[in-house]
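# Topology and contacts: notes
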Protein chains: 6
Amino acid sequence: MLAKMLHTLFFFFFSLLLSSSHASVLDFCVADPKLPQGPAGYSCKKPAKVTVDDFVFTGLGMAANTSNIIKAAVTPAFDAQFPGVNGLGLSIARLDLAPGGVIPMHTHPGASELLLVVQGFIVAGFVDSSNAVYVKKLKKGDVMVFPQGLLHFQVNGGGIPAIAFPTFGSPNPGLQILDFALFANNLPSPLVEKTTFLDDAEVKKLKAVLGGTG
Amino acid sequence: MLAKMLHTLFFFFFSLLLSSSHASVLDFCVADPKLPQGPAGYSCKKPAKVTVDDFVFTGLGMAANTSNIIKAAVTPAFDAQFPGVNGLGLSIARLDLAPGGVIPMHTHPGASELLLVVQGFIVAGFVDSSNAVYVKKLKKGDVMVFPQGLLHFQVNGGGIPAIAFPTFGSPNPGLQILDFALFANNLPSPLVEKTTFLDDAEVKKLKAVLGGTG
Amino acid sequence: MLAKMLHTLFFFFFSLLLSSSHASVLDFCVADPKLPQGPAGYSCKKPAKVTVDDFVFTGLGMAANTSNIIKAAVTPAFDAQFPGVNGLGLSIARLDLAPGGVIPMHTHPGASELLLVVQGFIVAGFVDSSNAVYVKKLKKGDVMVFPQGLLHFQVNGGGIPAIAFPTFGSPNPGLQILDFALFANNLPSPLVEKTTFLDDAEVKKLKAVLGGTG
Amino acid sequence: MLAKMLHTLFFFFFSLLLSSSHASVLDFCVADPKLPQGPAGYSCKKPAKVTVDDFVFTGLGMAANTSNIIKAAVTPAFDAQFPGVNGLGLSIARLDLAPGGVIPMHTHPGASELLLVVQGFIVAGFVDSSNAVYVKKLKKGDVMVFPQGLLHFQVNGGGIPAIAFPTFGSPNPGLQILDFALFANNLPSPLVEKTTFLDDAEVKKLKAVLGGTG
Amino acid sequence: MLAKMLHTLFFFFFSLLLSSSHASVLDFCVADPKLPQGPAGYSCKKPAKVTVDDFVFTGLGMAANTSNIIKAAVTPAFDAQFPGVNGLGLSIARLDLAPGGVIPMHTHPGASELLLVVQGFIVAGFVDSSNAVYVKKLKKGDVMVFPQGLLHFQVNGGGIPAIAFPTFGSPNPGLQILDFALFANNLPSPLVEKTTFLDDAEVKKLKAVLGGTG
Amino acid sequence: MLAKMLHTLFFFFFSLLLSSSHASVLDFCVADPKLPQGPAGYSCKKPAKVTVDDFVFTGLGMAANTSNIIKAAVTPAFDAQFPGVNGLGLSIARLDLAPGGVIPMHTHPGASELLLVVQGFIVAGFVDSSNAVYVKKLKKGDVMVFPQGLLHFQVNGGGIPAIAFPTFGSPNPGLQILDFALFANNLPSPLVEKTTFLDDAEVKKLKAVLGGTG
């Protein structure tokens, strides 16, 4: 009886307020890839169509195939794969590093990274603007942070497969792998050589390896 | 004569510049609810269709009906009601608290709040992450600030109706009322009990009051 | 008995977590004016010395003296007066406008403003970058928003005293009153005249009124 | 010979530039807890004293003790424990949930959370501002994101110990556990009851359990 | 042979990762003026349609016509003219100041300005919120910074044409020229006079010059 | 007489307001290098000690010495050299490129760059996260924007000395020159080789040139 009365009265009282907050714009903005993107990210899916599955990503539980030349694999859960992170300033990926595996020197132009090792050993490092080097051998349970935009790398540091999860301070951190940026495109060899001081032979060999032209 | 000449020449001189700033994107972005929303808010209404009425909200002058169980009412002027605040990082609401009235324990997930009392007395308080309590009896002309995301409440602190105006550091601050979040939905009672340590009877009673199921 | 056991066990369990969150840096940063300031605001008072009074400002309840030439008064509650707003992106002030009173043309360089009228009538307006004018006569309970950095003004719009409360999206919004900026300092008259197209006589008269030199 | 010449000339060429970037302010700002804090975080340790160990945290590899009433434990690596994350907008923690374990209903006032499950099963959920519920049973390798400031919880969802790593979009996300905020302090019982609609008996029982007074 | 193998294996390894980063949302968001705008700027052009010409602006190399009453000209390269700067927080313009030329007193509501003089002499200045004046005669190669939202001006400070390039911390800094805001629109003369303390004759003369009404 | 009266009354009226804004914290925060730094920049110099010279930098007018191996020079005006830009999100530098000169491949970890060519010809380019190349030959008066964190370079594109001014969206953009990061420190050669796929001979040669060890 009291309950019914309370229920009725609450209904009246908060109806205006709730109708306004129904859109929940500030709570979250699940990406709708069919609508325009802006500098702050994807446009939002209509709240009525959002489900819990937009906030859950299930693809990081399995080992990726590391039977490749770098004996490593990266599986991203960025906004393009995981629409719930749009606008929330976070994303994640999985690294698999077989023995001898390496994630080559790279940067994330728009985000810092926090790497968690959950299996094996990883030698990780970064270089700062004053060219100081920060390298550490990480074991299971260790965490290392790589400040935004700086060159860094990870290599397997033991005889067993290593697994790690990098988290990023952006729903789409970007990724610029040094060798791909220099050698896997049509940037003319003379320009690469002039701006990196690398030998012509070295540049041409790596362009061939990575599919670059010019 | 001089005036005419000046006018003519100014016209030439600033025409390019003015045409570029005509869109006034940086000045404001009045919400157009028919266009997509993004993480930064609503898309902008065309500048040519913006009028002064987009920047004025007239619904906060009248007392709202407080003849309800909590003897209180909230009237929001957020971006959904007040399109001019979109993108400007501010919004406002009106609180009416009859004698004995209460705004229940709640949070604003995305904004700090600055409460101005303009009539009567209000006992207001918040709790911080270290569980410290900050409570004060406010009178007409007093202001209290509630830091972002923390649980807080307001109750009438006198025998007369109280009026206050909370301002928020976001055009849509969000609002999560504790009792509604726990009891006014289909969150299963066992989960509520397990995660709040409340009795089964208490949970079921409040679910009944607030229209929750499960 | 159960209560005691629960209490004991909770104590152990959360001790590390609580000790870390004890500093409550993210919850708030009450200004300590004796420590250095930075681009983001004042340094924080030690959490142990923070009290509820840091979050409450009591100076806005009384009418300020408007027996002056502009028949108006402004009482600020910015971070310098109200340390609790430091770092929270909000502040407030009180405007008293006697009949005939005026708050002269001005800007806030670092914040948008949301003006709430609580007594009387106020004619308020702003001008945007394309020189469009937005003017409205506001009555009790009306709200008007002034986008960041644009010239705006408020004048009493009735025969009775008016009171309003502007809220700002910054703990220190700044305030640049046009006449003070032009005439209340040592900016040489020739420079004022050249950059404003005002007459020499007008400039010198206003410099005399406002205490400017040069 | 060429190498020596190059070295010498590079030295001259970049000396001014390098001396300016030596401070590396923009690269990172490792927390120095002895200096003042501001709204943006801790003051920075002198670059010359920064080592790789400031960027590595080693405390998350071991299971924490879950022999307590909630059969759970939280181990934080926030800025207070992990000085390298200061200013970088990221932090991490470890959750251990024994069978039957629960992380009670809570919010992070200043950050979104991305939870990665690495062992066992966890039922996790959150409630948004429109009181909609989002609950999912997560398994090893699943990730769930909890938008900033919303109430959420995690409970063990299987018969085996579960381990998860929440990452946060802030170096100090804050943590407000609902029961602690309501019952583990001196917030007077009548105020708790009035603002939560809980029974007096329930409030007093939980205050006793959690060490609250009043 | 090795190169071919490497190429093949790299292709497999990074395909998932590259497909996700292909959209390059975080790298840049070139403005598409046909799509909606939001508080953070224009919507992004499809990455596949972006070319180097979106990142290059070629209109600042020629002197603009300064045969006008203020003997000056401004050529903007803001987001409306230069789509590549959208979302990147930067834009630029060119100032031409003939002998005797002047850029009248103005503000940029949403950005700080950094002015580089490349030819001639410029007397530049700004006034802060405490009405302090900062004026300096700048020569070729000098740089002056004008903090966001403050009134400032530039006048030719020598007998020869001056050229300068202001850069702004926003892709669309806005521009509010004082005389235009006061006199080049329909803001009624009595309101202008009341809020600026200028004489009626002065106001009417400048309104006539600048095309204002009322 | 009127003037004196006005002056007196203004003095009373605005005294409280002006005293509060006197600190001008929001207007600017000129760097004081002797006080602590935080994530948002340097602590602020006392407003009373700020002069116009804090906002003016005079070192960019002269050609720097390009008689070095890369036939180029960079002269920065970042916050360490130019205290007025602290907290304002902008800085500038000067590039001198003799015929044949090159600014090697590099990134700015924390800022986008807008390059203005004022003399000669420059071939400039950047590579994005999808490895697409954007290269353009720039002439006097051309502007090119380089999005944050991406690898880019500039080389003299003509037979005459070139001069350009890069502006950055940060008071300290950071600078990571690829060759310095890889070869001018103690990062062990095997790690460099493994993470870049460069030959041992190439790595050792460049380490010798640039002063690296290991």
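What you see as residue numbers is a count from 1 along each chain, following the sequence as written. Numbering of ligands from 1 and lettering of chains from A proceed in the order in which they are written. Per-residue local features are limited, in this predicted model, to residues with pLDDT of at least 70; the limit for side-chain atom pairs, both in listing and counting, is 80 or more; totals at the level of whole chains, interfaces and linings are taken over all residues. For side-chain calculations, the full set of non-hydrogen atoms in the structure is used, while hydrogens and water are omitted.

Before going further, it helps to examine the overall build of chain A. The helix and strand labels rest on DSSP assignments: H or I over at least four residues marks a helix, E over at least two residues marks a strand, and numbering proceeds from the N terminus. From N to C terminus, chain A includes four helices and 13 strands. When checking whether two residues touch, look at their non-hydrogen atoms; a contact exists if any pair is within 4.5 Å. Here the contacts in chain A between residues at least 6 apart in sequence split such that 67% fall between residues at least 24 apart. All accessible-area figures derive from a Shrake-Rupley calculation using a 1.4 Å probe, and residue coverage is judged against the displayed protein chains alone. Accessible surface, chain A: about 7000 Å² in total, of which carbon and sulfur atoms supply 62%.

The fit set for superposing copies consists of C-alpha atoms from residues with pLDDT of at least 70 in both; the fit itself is least squares. Rotating chain C by 180° and moving it 0.0 Å along the rotation axis overlays it on chain B with an RMSD of 0.0 Å. Those values place the two copies in the arrangement expected of a two-fold rotation axis. It is G169 of chain C whose C-alpha, among those of chain C, lies nearest the rotation axis, at 3.0 Å. A shared interface surface links the copies, since 100% of the contact residues of chain C are contact residues in chain B too.

Our next topic: the relation of the copies chain E and chain C. Rotating chain E by 180° about the axis while translating it 0.0 Å along that axis superimposes it on chain C, leaving an RMSD of 0.0 Å. By residue overlap, the copies meet face to face through one surface: 100% of the interface positions of chain E are interface positions in chain C.

This next bit is on the side chain of D142 of chain A. Considering the arrangement of structural elements, one finds D142 of chain A in the loop between β9 (133-139) and β10 (143-146). Buried, partly exposed and exposed residues are distinguished by accessible area as a fraction of the type maximum, computed with a 1.4 Å probe on protein chains only: under 20%, between the cut-offs, and over 50%, respectively. Residue class for D142 of chain A comes out buried when judged on its relative accessible area of 3%. Those residues in contact with D142 of chain A, other than ones at most four positions away along the chain, are L115, L116, V117 and K137 of chain A together with F57 and T58 of chain D.

By definition here, a salt bridge exists when the distance from a side-chain nitrogen of Lys or Arg to a carboxyl oxygen of Asp or Glu is within 4 Å. Summed over all chains, the structure comprises 48 salt bridges over all chains. Two residues, D199 of chain C and K205 of chain E, come together in a salt bridge whose shortest N-O distance is 2.9 Å. Taken together, the residues D199 of chain C in the loop between α3 (189-196) and α4 (200-210) and K205 of chain E in helix α4 (residues 200-210) connect one chain to another. Residue D199 of chain C is classed as partly exposed on the basis of its relative accessible area, which comes to 34%. A relative accessible area of 36% places K205 of chain E in the partly exposed class.

On the chain B side, the residues contacting the 52 residues of chain C number 52 residues. At the boundary of chain C with chain B, total buried surface from both sides reaches about 4000 Å², with 72% on carbon and sulfur atoms. At the boundary of chain C with chain B, the tally comes to two salt bridges. The closest approach of N and O atoms between K136 of chain B and D53 of chain C, which form a salt bridge, is 2.5 Å. Counted as a polar contact is a pair of N or O atoms within 3.5 Å, where, for protein atoms, one must be capable of donating a hydrogen and the other of accepting one, and residues adjacent in sequence contribute only when both atoms are in side chains. Here chain C and chain B share nine residue pairs in polar contact (both at pLDDT 80 or more) between them. Among the elements of the structure, α1 (2-21), β3 (56-57), β5 (91-97), β7 (113-119), β9 (133-139), β10 (143-146) and β12 (162-168) of chain C are those that each provide at least two residues to the side of chain C that touches chain B. In this count, Pro and Cys sit with the nonpolar residues alongside Ala, Val, Leu, Ile, Met, Phe, Trp and Tyr, while Asp, Glu, Lys and Arg are called charged and the others, Gly among them, polar. In terms of residue class, the side of chain C that touches chain B is built from 29 nonpolar, 15 polar and eight charged. Strands are treated as partners if at least two bridges between them are detected by DSSP. Looking at chain direction, strand β10 (residues 143-146) of chain B and β3 of chain C are connected through two bridges and run antiparallel. The term buried area refers to how much accessible surface (probe radius 1.4 Å) is lost by two components on association, counted for both of them together.

With that out of the way, let us pick up helix α3 (residues 189-196) of chain D. All names here are of chain D. Taking burial as the measure, the eight residues of α3 include six buried ones, the bulk of the element. Restricting attention to buried positions, one finds in α3 the residues S189, L191, V192, E193, T195 and T196. At the exit of α3 stands F197, carrying a positive phi of roughly 65°.

Residue and element names in this part refer to chain A. UniProt positions are given in the numbering used here, feature names are shortened, and annotations may be inferred rather than shown by experiment. Per the UniProt annotation, the sites labelled "binding site: oxalate" (unreviewed entry) are H108 and E113. Topologically, H108 is positioned in the loop between β6 (102-107) and β7 (113-119). Every residue in contact with H108, bar those within four places of it in the chain, is listed here: E113, Q148, G149, H152, F168, P173, G174 and L175. Of the polar contacts made by the side chain of H108, one reaches the side chain of E113; its length is 3.0 Å. One can find E113 in strand β7.

All names here are of chain D. Side-chain alternation along strand β10 (residues 143-146) places V143 and V145 on one buried face and M144 and F146 on a second face that is also buried. Note that strand β7 (residues 113-119) and β10 share four bridges and pair antiparallel. Within β10, the position partnered with E113 by the bridge is F146.

Below, the discussion takes up the state of the cysteines. Residue and element names in this part refer to chain C. The disulfide definition used here is simple: a pair of cysteine sulfur atoms within 2.5 Å. Tallied over the entire structure, the rule returns six disulfides over all chains. Between C29 and C44 runs a disulfide, and the two sulfur atoms are separated by 2.1 Å. Its S-S torsion of about -100° marks the bond between C29 and C44 as left-handed, since a negative value means left-handed. Taken together, the residues span a long stretch of sequence, with C29 in the loop between α1 and β1 (37-38) and C44 in the loop between β2 (41-42) and β3 at a distance of 15 residues. No difference in accessibility class separates C29 from C44, as the two residues are buried.

This brings us to the packing of helix α3 (residues 189-196) of chain B against helix α4 (residues 200-210) of chain B. Residue and element names in this part refer to chain B. Between N-to-C directions, angles span 0 to 180 degrees; the directions come from axes that are lines fitted to C-alpha atoms, helices contributing only their stretch in contact. α4 packs onto α3 with a crossing angle of 125° between their chain directions and a minimal axis gap of 10 Å. Classed by the angle they form, the pair α3 and α4 counts as oblique. Two packed elements cross with a definite hand, and for α3 against α4 that hand is right-handed. Facing α3, whose interface residues are S189, V192 and E193, α4 presents D200, V203, K204 and K207. Of the residues contributing to the contact of α3 with α4, the split by class is two nonpolar, one polar and four charged. Put simply, angles under 35 degrees are roughly parallel, angles over 145 are roughly antiparallel, angles from 65 to 115 are roughly perpendicular, and the rest are oblique. In this scheme the crossing of two helices becomes right-handed for a clockwise turn of the near helix relative to the far one and left-handed for an anticlockwise turn of less than a right angle.

Another point: the interface of chain E and chain C. If you look at the interface, chain E gives 42 residues, while chain C gives 42 residues. Taken together, the two surfaces of chain E and chain C that pack against each other cover about 3700 Å², and 62% of this comes from carbon and sulfur. Per-residue buried area on chain E facing chain C is highest for Q176, T195 and F197 of chain E; these three make up 16% of the total on that side. Taken together, the connections running from chain E to chain C amount to 18 residue pairs in polar contact (both at pLDDT 80 or more). Those elements that provide at least two residues to the side of chain E that touches chain C are β6 (102-107), β8 (121-127), β9 (133-139), β11 (152-156), α2 (178-183), α3 (189-196) and α4 of chain E. Across the side of chain E that touches chain C, the residue classes tally to 23 nonpolar, 13 polar and six charged.

Here we take up the sheet that holds β8 of chain E. All names here are of chain E. Sheet architecture is open: five strands sit in the order β9-β8-β11-β6-β13, paired in antiparallel fashion. In the strand order of this sheet, the two ends are held by β9 and β13 (176-177), each with one partner. Where β8 lies against β9, seven bridges are found, and the strand directions are antiparallel. Within β9, the position partnered with I122 by the bridge is L138.

Turning next to the packing of aromatic side chains. To pair, rings of Phe, Tyr and Trp, with the six-membered ring standing in for Trp, must have centres within 6.5 Å; the planes then decide the type, stacked if under 30 degrees apart, edge-to-face if over 60, and tilted in the middle. Across all of its chains, the model carries 48 aromatic pairs over all chains by this definition. When the centroid spacing of 6.2 Å and the interplanar angle of 75° are considered together, the rings of F126 of chain C and F146 of chain C count as edge-to-face. Here F126 of chain C, found in strand β8 (residues 121-127), pairs with F146 of chain C, found in strand β10; they are 20 residues apart in sequence, far enough to count as distant. For F146 of chain C, a relative accessible area of 1% puts it in the buried group. Arranged with centres 5.0 Å apart and planes meeting at 70°, the rings of F28 of chain D and F55 of chain D form a pair that is edge-to-face. One end of the pair, F28 of chain D, is in the loop between α1 (2-21) and β1 (37-38); the other, F55 of chain D, is in the loop between β2 (41-42) and β3 (56-57), and 27 residues separate them in sequence. Assessed through its relative accessible area of 7%, F28 of chain D is described here as buried. Taken together, F28 and F55 of chain A together with F126, Y134 and F146 of chain D form an aromatic cluster joined through their ring pairs. Charge-over-ring placement is defined geometrically: NZ (Lys) or CZ (Arg) within 6 Å of the ring centre, and within 35 degrees of the ring normal. Over the ring of F121 of chain A we find K137 of chain A, and its NZ or CZ is 5.3 Å from the ring centre.

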